[in-house]
Every structure is written in C-alpha cells, then in structure tokens.
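One-letter residues, chain by chain:
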Amino acid sequence: MKLGLLDLATRGPSVHPYVMMMASDGIQESTRVTINILVIDANDNTPTFGEVSDTVEVFTDMQPGKTVLQLKALDADDGLNGLVTYEILAGAQGDFIINNRTGQITIAPRTALSMGHSYALTVKAADNAPDIQRRSSITTVYIKVLPPNNQSPPRFPLFTYDLEVSEAMRIGAILLNLQATDRENDSITYQILSGDIQQVFNLSKTIGLLLLGKPLDRETTDQYRLIVTASDGNLGGTATTTVNIVVTDVNDNNPKFDLTLPRNLTVQEEEANMFVGQVTVTDPDAGANGLVRYRIVNHPGFFTINENGSIFTAVPLDRELRSQYDLIVEASDVAVDPRRTTFTLSVLVIDIDDNSPEFSQKTYVVNVPENSPVDTVLLRFSAVDADLFSNVTYRIKSAEDMKLFSVNPISGELSVLQTLDFEDMASMGMGANYTFQVEAVDQAGTMPPGEATVTIRITDMNDFPPVFSQALYKGLVAPNAEKGTVITTVFAEDQDLLCICGTPASLVRYRVEDDQSPYSGSIFDVEEESGRIITKVNLNEQPSVTFKLVVIAFDDGELVKENRTLVEITVIQPSRIPIFTEVEYRFAAVSELSPVGRPVGSILAAAINQTIFYSIVGGNEGGEFQVNNRTGVISTAKLLDYETVTSYVLRVQADSMAVVKAQLRVPSKTNSAKVYIEVHDENDHPPVFTRKFYIGGVAEDTNTFSSVLKIKATDADTGNYSANAYRLIIPPTADGRDSFVIEQYTGIIKTAIMYRNMRRSYFKFEVIATDNYGEGLSSSADVVVSVVNQLDMQVVVSNVPPTVVEENKEQLIAIMERYVQDQIPGAKVVVESIGPQLFGDGFDQKDYTKSDLMVYAIDPLTNRAISRQELFKSLDEKLVDINKEFQPYLGQRGHILEIRTTDIMARVKKPAQAVGYTEGALLALAIIIILCCIPAIVIVMVTYKQRQAECAKTARIQQALPAGKSAAQRASTANFYEELGDSSMRGYGIQQQQLPRTSLQRPEELSMESGIDPGQDYYRDDYYNYDKGYDLPPYGNHRKLISPMYYEHGELFMEDDYYSPHGSEPGVRMKRLKLVVESSTGEDSAPEPQRNCLSNVNRHANINGNVYLSQNGTIVRTRRPVHPNNLTVGSPGHLVKQFKNLEMLTETQDKLHLNSMREPVTGNCIGTLTGITSTVDIKLSPPAGPWGSASCALTELGPNPTLPRHYMTESAEATVV
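As the structure is a prediction and not an experimental result, all values here were calculated from the model.

**Student:** Talk me through the overall build of the protein; I want residue IDs and the actual numbers.
**Tutor:** The secondary structure content of the protein amounts to 13 helices and 76 strands. By the burial criterion, 44% of the 1217 residues in the protein qualify as buried. Long-range pairs, those at least 24 residues apart, make up 69% of the contacts in the protein between residues at least 6 apart in sequence. Total accessible area on the protein is roughly 63,900 Å²; 53% of this is exposed by carbon and sulfur atoms.

Below you can see the structure in the form of structure tokens.
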C-alpha cells in the first residue's frame, strides 16, 4: 500500500493530522489503525510589512536619536524562519538609522536636518533561514523635513472653493466650512479679505463657517469671488483661499409687459392672418425661468399669437357681429411652476362694405280686398344695411309689376296703381294671388341689393249669390223607402267660384227651408255639402203622393248671399219597382287573365208590365265590370289583376225603363242586390330579383360548401306560382368542376372548390329563378364573386358584444356601404366574420364585451376587392358620422372604437393550412422525407459492414488467444464478481439479488423505444439506483446502444449525496463520484457460443464497458464509442485526461501521477480491466475525515501475457478522494 500527500499540510499548534486505515481482502476487514502525522515547518512565508504612512514629517529642530517611525514586519514561520531583521538599503543619506531587531527608524547622530529636504528610504525585512531558503520583502518610507514649530502658517484644505447657492437660500444658512489646519495647533482667525462689498456673507472668525447674511438676488449679482484668509497670529502665519460663489436662479420674477406699447389696436374685418399688433415681455430670470410663452386667453378662436408676441387674426372677423374685442394676452415662463402675467388689449374692427341691405322679412303677404281704391298703401318695407355708412332706397324689381303697384324709394311704402277686381284677374289667369320682388339698394355701396318677395292676396267680396242649375227638381221614391235613401241631387253654382275655389264667397252649401215646407222637411232632408235629397225616416206613404220641398243654397261671404229652388218628390206605385230574384249573387271565380268582355254571371229582376233596366251603382269604382242593361249579364270591362284586387262586391240596381228615361231613380229594398266576384290567380308574373347584379366575395381559405351570398327573387303571384327554384349558369373550371353551387329553393350560393392562391380573381356567372317550383316563368340576374384574403380586409372594433352587431348587421353594413360608395360608386361591403375583440401581442386574447366586425369592399367596375388602405380611408374619415348613424343600433353608448387592419400572422391557422395543400408545401415535405431517409440508409449500410468486420476480427482474436480457464473456474469468478458488485456498487453491505451475466445479453434484444442502455438498465436493480434512492437518467449518453469492440472513453459523473453506514462517524454526509475511465478491451461481439469459447473470458465486463466500485463510493464505468476502423488500440492518454477531470471536480485538490510502463501492481483490487497486460492502479487514500479508512486497488483478474503487443497499454496511478 502506498500513502500519498493530497495537499500541503498546515503547521500549527492546534493541527494534528492523522489517518485512519483499514485493510480488506474484499470479504473481511481488519481493525482500524490511527496514524498520527507530525508536520515539520518549512520556510514558506515571507515577512510582510504592515501599513506604512505615505509621508512622515520631521522638523528641523528634532535632535539626533529622535524616533521618526516604527516599522513592523510579520513572518508566520517558526523558529529562525520566523525571526525578522531590518535594514535600510538606500535613501538615508546618513541622516537616519534603523534598529535591525525592532525596526525603529531614528535620526542619526550628529545630523542636522535641513528644511524642505525630502528622503525616500528603502527598508528590507528578511527572516533568518539559511541563505538558500531565506525570504525577504522591502518597503519605502518617505520623510519630509518641515520648519520648526510655530513657523508654518495655517493650511486650507483647498486653494479654491467653487460653490453654487440658490438665490432663494434663507438668511443664516451655512454655505461652506472653510476650517483650516495649523501644524502647531495655534488658534486660527478667519476673515473675508475682499469680494463682499455689500457684506452679503458672514464668516465665523473662529471656526471658519461661511454663512449667508443677506438675501441673494441673482438678477442683481449672479456671482461672487471671495478672498478668505486664515491667520494663526504669527508673522507670516497667514493663508489665503478663494471662494467662487455662483448664485443660481429661482423663478421669483413675473414676466413684465412693455407698457409703452399701444394698447388700442385696429384690424380690418374679413381678413384672416391679418397683423393686429405686438406685445413685448421681459423676464429677468435665467434659463427656463426666463423663457416666455404667449397665449390668447379669451378669444383663442379669433386671434393667434406667435413666439415673439405678434398677434394675428385666426379667422376673418365680422364687424357686424362684433365690432370690438377686449383681448387678454397671457405671458408665462416655462418653469416647472410657471409664473404668469396678463395684459389687456382693445382691438377695434374696421368696417368695410361687405353687406347688402336686408329686409326685415324675406317674404311679405298682404290681403287686399278687391275694388280697393288707387294709391291705397298696402304695407311699409324696412331694410337695414349692417355696414356703418349706408343709404338704403327701395324699388320694384320687375317693370311689369310696376304697372299695378308702386313703392316709395325713401319711405318704402307700397301702394296700388289700379283698382283690382277679383273676378277679372281670375278670368285673365292671374289668380287671386299676385307675387313680385322688391329690392333694397345701398346707393353708396358696391354690394348687390337685398331682395324680398311680396305676395298680394286679392280677397273676393262675394259679388254673386249661388244659382241653381234647375228651377224645379223632381224625384221618385218607393212607399217603403228606408231612411237615408237618396232620391235626387240639387246643384247650385256661385259666380265667385269661377275665380278661386275655397274662398268663403264661393263655398256653396244647402239647407231645407222649414218654414215653407214644414211636413216635407220632416221626412226629407238635403245634405249640406253634396246637395243630395235623402229620406230622414223610413217611409210608409201612399203611392202617387207628391211632396214639395224648398231647398236654399247659400255661400260663406262676409255678406251671405243665397238662392232657392223647389224639389217635387212623388211616391211611386209598388208595381213599377222591380224585384231581384236574389239578395246576393255569387259567381264562379274569374281568371285574372280573362279578356275584356268575358261574362262573369247574370242577374235577374222582375216587374209587372215593365221593361227592366240594370245598372251597377256601387263597388265598381275602377270600372272593371260592366252589366248589360237589358239582359243583366255582368262581364269584364277591363283586364283584372289578382295581385291588385282579389275580390269585388258590386251593388246592382234594377229600375223600370220608364223611370230611367225620365232621368229618375227609385232606390228601394227590392230593386238592389249585391254581387260577389272572386278573382282567380294565374301565373302571370315572372320572378323579380331584388337586384339585377349581385356582388359577393369569398376568402382564399374558405372551406368547401361555405355560404357566400344569398340570392332572392320575389313573385307577385301566390301559392306555387310564387315558389321559386334557383339554378346557376356557370362556366366550369379547368378540371370540369363548378366553382359554385346554389341551394335550389333557398337561393344560397355556396363554394364548391378551394380558392387558394386565387386572390384578385373573380367569377362571373348567371343565376336563373323559375317560379312554380321550376316549371313556370323565369328571370335571370348576374352574379360576380371576387376572391379575397385578409390583406383586403379591415376590422371594425366596437364596444358592444358580438351579438348586438350580429342582430343589426344589415343596418350597420348598409350605413358603411353608403359611406364607401361616396368614394367608390356602387361598391359592395361584405361581412367576413363577426366575433369577440381580439387583442394582445399576437391577437390571441378575446374580449366578449367588445366585437370585431371584419369587412371588405368590392368595386363593381373591376369586380375585385378595393385595397384595405382605400377602405380604411373611406371609413376612418367619416368615423364621427358613422358613429352617429350606428348609435340607434348599438345603443346610446355604443360606438366604433377603431378601424384596424387584420393581423394574419397572429391568427391561428386552420389544420388544413398547417398541413399545406400547395405544391410548394408538398415539394418541401418530399425533400424532408428524402433527406431523412438518406442518412438512415447510410447508417444501415455502415452498421452492416461493421458487423461483418467484427465477426471477422472475433475469429482472428480467437485464434490468437491461448486456452483459458475451465468453465467451472469462469463460473466461480463470475459469481464472485456478481455478488461483490451487487453489494459494493451501492455502497451498502446489504446482500441484493445476484446480477445476471451482462456479457451474454444481446443489445439488439433491448427496446429502442424504452431507451434502455445495454449493460445498464436490464439489471434488476441498476447500479445507478442506490437502494432505490437514485433515479435513472431519463435522457443522455447513458441511454444509447453502443456496440462492443471499440475504445472505452472515460466520463466522470457526480452522484447524489448519501449517508454511508461505513464512515468513521455514523450518518456523515458524503459525496459519491462516478468515474468512467478509458481503456481498451479485447472483448468481442461475436455470437453467444463464440463468446463462451474465448480463452480470456475470465472477467466480468459489460458489453458496453466495465464497472468498478471502491468502498468510498467512487464508481468507475467504461463505455466504448465507435472506433473508425473497428480496432482496439490502447490509449493511456485518454485515461490520464479523465483522471484530470476527476481532479478538477473533487472538492480536494487530487494529484495524478503517471508511472512508467508495465509498473508492477500492489495492493488489493475489486473489479476488472480485461484484455490488457498492464493494469490501471487506482489508489484511494482519503485523509482523515468523513470518508473514514478505505483501501482498494483495481487489478486484473485474468492476466493474459500472451496477447499481442498492440493490445498492451501503459499503466497509470492516481489518488482519488
């Protein structure tokens, strides 16, 4: 066993290094032995000086032998190694000496120091070790000779002081401490020598504090230069310093206007940007405190002021609205807390001739009775010119109107020149109203005259009474006529009616003269406005009786005029009144396509010895039907239209021919009947599209069978005749498919193909609508569908939920469409989507209290989407107006927040987009597949060749190796290793289940998906899992399948801390290190039978490397990466590198020693290094501590001296803690 020093020992009285050791043969352990180690001192420390003052001051009156400085150097060594002696090497000039033992520097004998002289002494401190081992250090001491005591003046810390003081500093504030120092500690008196004529500052005479004595004013004095002296009272004992004080500004001055400038200003009206005047302001403050800004306080919309105080008109002024402005100008500095001053100017607006005279009324209406005398004054005009100086006169504009009326040019009185007759003017077509224009002219002005409209209403004076058309009216009535039966009608006309309808004098009304016909007036009456004579009661009179009724016609003139007529009413014989066979007639429905004259049905009435005359007296206001007066056959008189009128109710009457010829009628219950006629609907109206031209849009990424546009056609017919079926006439695509399809009965056009990469394209086709479910009349309309994408769209963001926008979508789109059409006539706005507001960096967050309305617009001239910039401009410029129109639909507080572009990069792509359907995506996918397959093919080929080479080399190795131990020996050795590895590899003495022979496990039998590393994870309890306390590494190099027969490269890994029961003290925390070293192996990857036949199989090797474990928890595991030529070449250099890695990672500084080749090995070993003749000897010699005592060496278990030389490798030795 070899014991090595890991670290330089530290000597000291309290340090007693010792080592506890224990011997083990792998099964049994010896008792522990304590080895005490005596550390002998070595001269490894240099004397070190303490801190030395930069400069030492001495005085000329100091005597020889006086101590100047005491030096002290320390040496941590022991004995003579720590005994320090001192020596002045240079710079003393014979004036100073040093005690070689104490280090005290004194003045040399017979030395007189000179004032102002300086020294730089180089002093050496050395220990008393032998000359070869002696250590020393040097330092420099600076000495300055000063005058004797009481000969040096006071000294200020600085020659010049620079100080900034605010002018707002309070009186008595301490500004500066000017305290000087005196070497002799004499009392010092301070004084301001100059620079303070006004005695603004106070200086404390004894302590040197500079105080503020009076208020500062920067605007008066902005800086001071004070000369301050400090004197100790001795001759030449005065020092001076300069204090430069800069007074900083505070904003303590208001801006001041120049009061010498004029306050009363004038400006001409109707001129913008006209110079008005200028103000000047001064502010004595500095910087921003003195920088002045101007603003107009009370009339900012009419006047502006620039930076230099010049005032201009902002808009054209109107003197007539306001002739004078009291303008308040404010001047303020730009300090943080600005000070302000205002100044009032009077601005008088100068008048120009810019107004026409204006009448007090734009329209005058005068009622003039007809026959008014000449020169009658009708009204007086009044017109005013808003300008200061004007001379207004009046005139009638048209010479034709001057024939009837005249106006006084000065007074404005309007009078008539002729007598006006209401009826004459009406007969000449002039009407009752006469309108003309008058003008008001400013004689001295240049503006056009003012105008007013005058309307003269000539009132009728009721010149004529009403006149009946007949002197005698006759009528017939049935004996049993009901109340309200119309007998006859009287008519009277007023001559005043010829002039103008509706005047009181022309309005004719009727009434019964009760005084002259009291009985007749009780059973008959006349309607006041129509003049129809009616029965007031149900009659029950005898036939052949005649009643006489006096009727009066009167007007509503101021002087009411009237006239009379006589009405004779005879009760007819009942036998002369025809009787209908039915009270109501109902005929079969008549087709609306029936030609004129088509019989509908016939009515029949009978009377004794009377010829019947049939007539339609009601329900036929449009004249659609006619009746044969003699036969009673009712037929069509006009073409019928079911869509206008679906049924008719005619009232027919049958009269005696004799009565009719007498131009009389006898309404009664029996000679009138009702005829009900129903109109039958026919398919006589083709479908009518809501538009002749439909515009729609479809996005590039729209899925198949998505709705694009709804076509609607209406049909005025009813029933099946109004049920439309739709179809498309559309050119097919190149592959024979239709671009769009339409739902037959709903008219919804849907997509039929994908439209990728078709932006800016459009489809134009025809839609046919046929009524009667496709079997009736047809009509067509054109459809254009443009392909767009999100580059053409804008998002309208509003502060209402998406449901509100969806409910009012049609109204909102119509509003936006109208504003877009102001810029692009006929443009169609299309909704792409309605959803919650998207926000955030990637627009990946949703706010359902707000909404995003994504729209685009299509130009009908190009059939393509307009640019999103143009769409944004059309909407954003009118955003205020759009919000006003949106308000009824979005609510009182609903409005558009913004209009923004879409962010297609932030939107989540659909799965179809992610897969990619374009040729480019497919090509890229094909390239990726090819690039992935090529390396896989190469790997398979290379692996196959390597396996062949391995098999061949295995055969050669088998021939070269001698016969090994027997199978029993091999089994015994294997079991020993397995038992030892099962317990030692986990750092515990607990017996675990025996490990299987890993060298017999094929790596190809392991699962690549599980990531199990051959030789690692198929242990029942892997060596990584120390008593289930350490998990398998999930990823990394340890989980790769590595073929054998290659170099074993070492790697070092730090394991978890654990508590070892084998330490010197129970429960002590320890570090577990795992070292994976490099070595070469002769192990092959031959098939199982061949591996069992090898002569050197007396080892326990993992097929991916060997595992070694020492009792202190250090694990050594080897792995073999692929060698380019499948050769096993020794590489001790790799081993050395890995031990160096271990040295850097351990907490103590481990040392690595390389021995010569084939150095004999001593000690015990656990583990194997197979296939090499020289072993790697790893000695673990920890110092005393928690690691306890342990010894282990790794030696070969199966030496094979007959191997060829290229299987030999150098040995290495290392010590690891």
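**Student:** For the sheet that holds strand β13 (residues 174–177), give the residues involved together with the corresponding values.
**Tutor:** Here three strands make up an open sheet; going across it, the order is β13-β16-β15 and the pairing antiparallel. Both outer strands of the open sheet, β13 and β15 (201–203), are each paired with one neighbouring strand and no more. Within the sheet, the average angular offset between the axes of one strand and its neighbour, ignoring direction, is 20 degrees. Relative to strand β16 (residues 209–212), β15 runs antiparallel, the two being bridged by three bridges. In the sheet register, Asn202 faces β16, and the bridge partner there is Leu211.

**Student:** Outline the pattern of salt bridges, listing residues and values.
**Tutor:** When their charged atoms lie close together, side chains carrying opposite charge are able to pair. All chains considered together, the criterion is met by 25 salt bridges. For Arg564, the salt bridge goes to Glu513, with nearest N and O atoms at 3.2 Å. Of the two residues, Arg564 sits in strand β45 (residues 562–571) while Glu513 sits in the loop between β41 (509–512) and α2 (518–523), which places them 51 residues apart along the sequence. For Glu513, a relative accessible area of 9% translates into the label buried. A single salt-bridge network, built from bridges that share partners, covers Arg511, Glu513, Glu562 and Arg564.

**Student:** Provide a residue-level description of the packing of helix α6 (residues 809–823) against helix α8 (residues 879–890), including the pertinent values.
**Tutor:** In the contact formed by α6 and α8, the axes pass within 10 Å of each other and the chain directions differ by 170 degrees. In this view, α6 runs roughly antiparallel relative to α8, as classed from their interaxial angle. Both α6 and α8 take part in a crossing whose hand is right-handed. On the side of α6, the interface is formed by Gln811, Leu812, Ile815, Met816, Arg818 and Tyr819, while α8 contributes Asp881, Ile882, Glu885, Phe886, Tyr889 and Leu890. Class assignment of the residues belonging to the contact of α6 with α8 gives a composition of eight nonpolar, one polar and three charged.

**Student:** Lay out the environment of Thr282 with the relevant residues and their values.
**Tutor:** Note on placement: Thr282 falls in strand β22 (residues 281–282). Thr282 sits in the partly exposed class, given a relative accessible area of 49%. When the C-alpha positions of Thr282 and Pro255 are compared, they lie 5.6 Å apart, and in sequence the two are 27 residues distant. Sequence-distant contacts of Thr282, defined by excluding residues within four places in its chain, comprise Asn254, Pro255 and Lys256.

**Student:** Account for the state of the cysteines, with residues named and values stated.
**Tutor:** Applying the stated criterion across every chain, the model contains zero disulfides. Of the cysteine sulfurs around Cys932, a residue in no disulfide, the closest is that of Cys933, at 6.8 Å. For Cys932, a relative accessible area of 52% puts it in the exposed group. We classify Cys933 as partly exposed; its relative accessible area is 38%.

**Student:** Account for the packing of aromatic side chains, naming residues and giving values.
**Tutor:** Tallied over the entire structure, the rule returns 29 aromatic pairs. Ring geometry for Tyr364 versus Phe381: centroids 5.0 Å apart, planes at 85 degrees, classification edge-to-face. Pair noted here: Tyr364 is in strand β29 (residues 363–369) and Phe381 is in the loop between β30 (377–380) and β31 (383–384), with a separation of 17 residues, a long-range link. Each member of the pair, Tyr364 as well as Phe381, is classed as buried. An aromatic cluster of at least three residues, connected via ring pairs, comprises Phe359, Tyr364, Phe381 and Tyr394. Here the basic side chain of Arg586 rests over the ring of Tyr676, its NZ or CZ set 4.0 Å away from the ring centre.

How each quantity is defined
Residues numbered from 1 in each chain as written. Predicted model: local features only at pLDDT ≥ 70, side-chain atom pairs only at ≥ 80, totals over all residues. Heavy atoms only, no water. Helix = DSSP H or I, 4+ residues; strand = E, 2+ residues; numbered from the N terminus. Buried < 20%, exposed > 50% of the residue type's maximum accessible area, 1.4 Å probe, protein only. Contact = heavy atoms within 4.5 Å. Areas by Shrake-Rupley, 256 points an atom, 1.4 Å probe, with all protein chains shown as cover. Pairing = 2+ DSSP bridges. Axes fitted to C-alpha atoms, helices over the stretch in contact; angles between N-to-C directions. Salt bridge = Lys/Arg side-chain N within 4 Å of Asp/Glu carboxyl O. Parallel < 35°, antiparallel > 145°, perpendicular 65-115°, else oblique. Left-handed = near helix turned anticlockwise from the far one by under 90°. Nonpolar A, V, L, I, M, F, W, Y, C, P; charged D, E, K, R; others polar. Disulfide = S-S within 2.5 Å. Phe/Tyr/Trp six-rings, centres within 6.5 Å; stacked < 30°, edge-to-face > 60°. Lys NZ or Arg CZ within 6 Å of the ring centre and 35° of its normal.

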